[in-house]
Amino acid sequence: MNFLLEPLTYEFMQRGLLASVIVGMLCAVMGTYVVLRGMAFLGDAMAHAILPGVAIAYILKGDLLVGAGIAAVAVALTIGLFTKEGEVKEDTAIGILFAAALSLGVALISTMQTYAVDLSHILFGNVLGVSVSDLWLIGGLSFFILLTVALLYKPFLVISFDPVLAATLRLPAEFLRNLMLVLLALTVVVSLQSVGVSLAAAMLVTPAATAYLLTRRLLPMMLVSAGIGALSSVVGLYISYYYNIVSGSAIVLTATLFFLLAFGWKRLRKA
Amino acid sequence: MSHTPHRLDVQNISIGYGPKTILHDLSFQVPHGTRVAVVGPNGAGKSTLFKALVGLLPLQHGRVLIHGEILGTHKDCVAYVPQREEVDWRFPVTVDDVVMMGRFSQMGWLKNPTAHDRQMVSSSLTQMGIADLASRSIGQLSGGQQQRAFLARAIAQEPHILLMDEPFTGVDITTQEATLRLLDHLQEKEVTAIVSTHDLNLAGSRFDLVLLLNHRLIAFGTPTEVFTKDNLAQAFGNSLLVMENGMMLVDECCPPEEEHHHNEVRK
C-alpha cells in the first residue's frame, strides 16, 4: 500500500498523475477515430507539426500550449486545404507538412542555449512539471473535446462508417471532417506536456487499437480504449517514479504491453 | 400525364467529375410509387446518376425536384443502398447499429432512439429475414446478408425514394428474391424505387418503367416501349446482336469498371 501511496505524498506527482490520466483517456477516445478512419499517420504528423509553434512560444516566453494549439490548428486546416480538390493525396500532403514542420521546429529549438534539455521535454513530455494552471488548461480543453465527441457521436459515426449515408442525410461532411482534424490537433496539444510530441501519436493509436481487438461496437470500443489509456498512464507513471525512466516512454511502453496482451489473447482464442 | 405530383422531376441535368461530363442533359419524371429500372452499358453513367440524386455529386447543369422542391430540401426522403466497396466492413458496428443509422435523421442527431425507432429497426430486420443476425458484427455476414442489412436500413429510413445501385449483381438467390419482394412491397407503400441493373430480363419483367442510358437518355417508358431494336442498338452499339427470329442478345456483363474509378468517396 505504501508502495502506491508514497509517490502521492508529492504534490507534483499528484498533478502529474491527474494530468496523465486525463490525457491518457482523451487520446484513447480520439484515437478510436484515428484507428477506424486510418489516420494514424496523420496523428503522428500532427504531433510533430506543433513543434514550431511550441518553439516559437518558448522563444517568446509565451504559453507553450497556446503556441502548440495555434500551430496544430494551422496544420490541420492546411492539410484540409491541400487535399480538398484532390490535387494532392492526403498522405502526401501530410508527409510534406510533417517533415517541414519538424525541421522548422528543430531549427528553431537549435537556436536556444538549453537545446538538449528543452528538446527532450518537448519531445518526450515532462509530466512532473505540470503546474496547477497547466492542469486547469488540460482539464478544460479535454472536457471541451470529449463533450464535442459525445454530442457528435452519431454524425461522426456516420461519416466514418458510411460517407454515402452521410451525404443522403445531408450531413455537412466536409465541416465535420475538418472539425475532427481540429479536435485531433487539440488533443495532441493537450498531450504535449504529459507524453510529449513524439509519444502523443502512440497514445492516440495504441489504446484504441487494443480496444478494437477486444470489442465489436463503437461505444464499448471508446470506453475500453479510455480505460486502457488511463490505466497505462497510472502504471507508466509509477514505473517512471520507481525506476527513474522518462514518464512518456514508460506510459507508452505500458500501453504497448496491453496491446501485446490483447493481441496474444485474441490469437489464442482464434486457435 | 397524371395529375398527381411527381415524386421525382429531373430537369435538364448534366453530371460529371470536374470538367468532364458523364451524363448530358437528362430529363425525366417519375410518378410516385413506380419501380424504375436503370439500364445501359458499362460506364454509361448509371452510378453517376445515382450519386447526383443522393447529392454526392453536384449538378453541372439543370435541377432535380422532389415533391416539387429542390433536392436536399427534404433531409431524409431519399435512401440509397450503396455498392459493397463503398462501405468499411471492418468498422465496429453490429447489424442492429447499421439499421439504426437509418433512423438517425428522424430521431434527431442529439436524441436517443425511442421505442418507435427500435420497433422500426426490428421490423425492417424481420422483413429482410435477418432478425436473427441483429447482434452480429456487420463484417461477419455474407455478402448477400450484408446487402439485406443495408436494405433493412433503407426501409427503416422510411424514404419516399429508394435508390439501389446494382443490387442483383454478385448476390445469392435468397438476397435477390428478398430484394425483389421488397420492390413489390415498396410499390404497395407508394415508395418510388430506382434500381440499376445489368439484368435486362429482370428490368423487363419486374419493373414498371425502364430508363435506358448511355451518357444521355436514350429512352424512358414501359419495358415494351423501351426495349426496341433501335433503342437497344443506340445504347449498346456493337454489344447488341439481333438474331433472325427477332431475339436480341446483349454482350454485357461484369463489373462496370469505368464507373468504379470514380467511386472513391472520401471519408
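Bear in mind the structure is a predicted one, so any value in this text is a computation, not a measurement.

Conventions and cut-offs
- Residues numbered from 1 in each chain as written.
- Chains lettered and ligands numbered in written order.
- Predicted model: local features only at pLDDT ≥ 70, side-chain atom pairs only at ≥ 80, totals over all residues.
- Helix = DSSP H or I, 4+ residues; strand = E, 2+ residues; numbered from the N terminus.
- Rg over C-alpha atoms; globule rule 2.2 N^0.38 Å.
- Buried ≥ 20, exposed ≤ 12 C-beta atoms within 10 Å, placed from the backbone.
- Contact = placed C-beta atoms within 7 Å.
- Domains from an automatic or database assignment.
- Nonpolar A, V, L, I, M, F, W, Y, C, P; charged D, E, K, R; others polar.
- Expected span 1.5 Å × (residues − 1).
- Axes fitted to C-alpha atoms, helices over the stretch in contact; angles between N-to-C directions.
- Parallel < 35°, antiparallel > 145°, perpendicular 65-115°, else oblique.
- Left-handed = near helix turned anticlockwise from the far one by under 90°.
- Pairing = 2+ DSSP bridges.
- pLDDT = per-residue confidence, 0-100.
- Core = buried A, V, L, I, M, F, W, Y, C linked by C-beta atoms within 7 Å.

(A) Expanded view of the overall build of chain A. Tallying secondary structure elements over chain A gives 14 helices and zero strands in all. Of the regular secondary structure in chain A, the N- to C-terminal order runs α-α-α-α-α-α-α-α-α-α-α-α-α-α. The C-alpha radius of gyration computed for chain A amounts to 18 Å, which stays within 12% of the reference 18 Å derived for 271 residues, consistent with globular compactness. When the backbone C-alpha atoms are referred to their principal axes, chain A occupies close to 55 × 50 × 35 Å. Buried residues in chain A amount to 50% of all 271 residues. Taking as baseline every contact in chain A between residues at least 6 positions apart, the subset at least 24 positions apart corresponds to 73%.

(B) Structural detail: the overall build of chain B. Helix and strand counts for chain B stand at 10 helices and 12 strands. Buried residues in chain B amount to 43% of all 267 residues. Long-range contacts, defined as pairs at least 24 residues apart, comprise 68% of the intrachain contacts of chain B with a sequence gap of at least 6.

(C) Seen up close, the domain arrangement of chain B. Residue and element names in this part refer to chain B. Split by domain assignment, chain B resolves into domain 1 (1-74 + 160-267) and domain 2 (89-157). On the side of domain 2, eight residues touch domain 1, which itself brings 10 residues to the contact. Looking at the side of domain 1 that touches domain 2, the element that brings in the most residues is helix α6 (residues 173-188), giving five residues. Across the side of domain 1 that touches domain 2, the residue classes tally to five nonpolar, four polar and one charged.

(D) Up close: the interface of chain B and chain A. Across the contact, 27 residues belong to chain B and 23 residues belong to chain A. Its residues placed into classes, the side of chain B that touches chain A shows 15 nonpolar, five polar and seven charged.

(E) Structural view of helix α13 (residues 218-243) of chain A. With 26 residues, α13(A) ought to run about 38 Å at 1.5 Å a step, and its terminal C-alpha atoms sit 36 Å apart, in line with that. Following α13(A) by one or two positions, A:Asn244 has its phi on the positive side, about 55°.

(F) Just the packing of helix α3 (residues 40-49) of chain A against helix α12 (residues 197-214) of chain A, in detail. Residues and elements named next belong to chain A. The interhelical angle for the contact between α3 and α12, taken along N-to-C directions, is 155°, at an axis separation of 8 Å. The orientation of α3 relative to α12 falls into the category roughly antiparallel. Relative to α12, the crossing made by α3 is right-handed. Of the residues in α12, those touching α3 at Ala40, Gly43, Asp44, Ala47 and His48 are Val197, Ser198, Ala200, Ala201, Leu204 and Val205.

(G) Fine view of the sheet that holds strand β10 (residues 217-221) of chain B. Residues and elements named next belong to chain B. Reading across the sheet, the six strands line up as β6-β7-β8-β3-β9-β10 and stay open at both edges, with mixed pairing between neighbours. Pairing within the sheet leaves two strands with one partner each, and these edge strands are β6 (78-81) and β10. On average, adjacent strands in this sheet sit at an angle of 15° to one another, irrespective of strand direction. As paired strands, β6 and strand β7 (residues 161-165) are joined by four bridges and run parallel to one another. By the bridge assignment, Val78 is partnered in β7 with Ile161.

(H) Region of the structure containing unusual backbone geometry. Residue and element names in this part refer to chain B. Even without a glycine there, the phi angle at Asp25 is positive, about 45°. Inspection of the secondary structure puts Asp25 in strand β2 (residues 20-31). Positive phi values are uncommon outside glycine, yet Glu166 reaches one of about 50°. The residue Glu166 is located in the loop between β7 and α6 in this model. Judged by local crowding, Glu166 falls into the buried class, with 22 C-beta atoms found within 10 Å.

(I) Quick look at the pairing of strand β3 (residues 35-39) of chain B. All names here are of chain B. Summarising burial for β3: five of the five residues are buried, a large majority. Here β3 runs beside strand β8 (residues 192-196); their pairing, made up of four bridges, is parallel. Within β8, the position partnered with Arg35 by the bridge is Ala193. Examined bridge by bridge, β3 and strand β9 (residues 209-213) share four bridges and lie parallel to one another. Note on β9: the bridge partner recorded for Ala37 is Val210.

(J) Representation of the environment of B:Asn42. Residue and element names in this part refer to chain B. As for its position among the elements, Asn42 is in the loop between β3 and α1 (46-54). Given 16 C-beta atoms within 10 Å, Asn42 falls into the partly exposed group. Sequence spacing of Asn42 and Asn214 is 172 residues, and the spatial spacing of their C-alpha atoms is 8.7 Å.

(K) Expanded view of the confidence of the model for chain B. All names here are of chain B. For chain B, mean pLDDT is 84; residues scoring 70 or higher make up 90% of the total. Mean pLDDT values over the elements of chain B span from 43, in helix α10 (residues 257-260), up to 95, in helix α2 (residues 95-101). A low-confidence stretch, residues 256-267 stays under pLDDT 50, and its non-local contacts, those more than four residues away or across chains, total 23 contacts.

(L) Just the nonpolar core, in detail. In this structure, A:Met46, A:Ala49, A:Ile50, A:Ala72, A:Leu192 and A:Ala200 are the most contacted members of the largest nonpolar core, which totals 169 residues. Among the elements that line this core, the one with the most residues is helix α2 (residues 11-36) of chain A, at 14 residues. Three or more residues apiece are contributed to this core by two domains, here domain 1 (1-74 + 160-267) and domain 2 (89-157) of chain B. Setting aside its immediate chain neighbours within four residues, A:Ile50 contacts A:Ala68, A:Ala71, A:Ala72, A:Val188, A:Val189, A:Leu192 and A:Val197.

(M) Layout of the packing of helix α9 (residues 153-161) of chain A against helix α11 (residues 173-195) of chain A. Residues and elements named next belong to chain A. Where α9 meets α11, the closest approach of the two axes is 10 Å, and the angle between their N-to-C directions is 105°. Between α9 and α11, the crossing angle belongs to the class labelled roughly perpendicular. Facing Pro155, Phe156 and Ile159 of α9, the residues of α11 in contact are Ala173, Leu176, Arg177 and Met180. In the contact of α9 with α11, the residues fall into six nonpolar, no polar and one charged.

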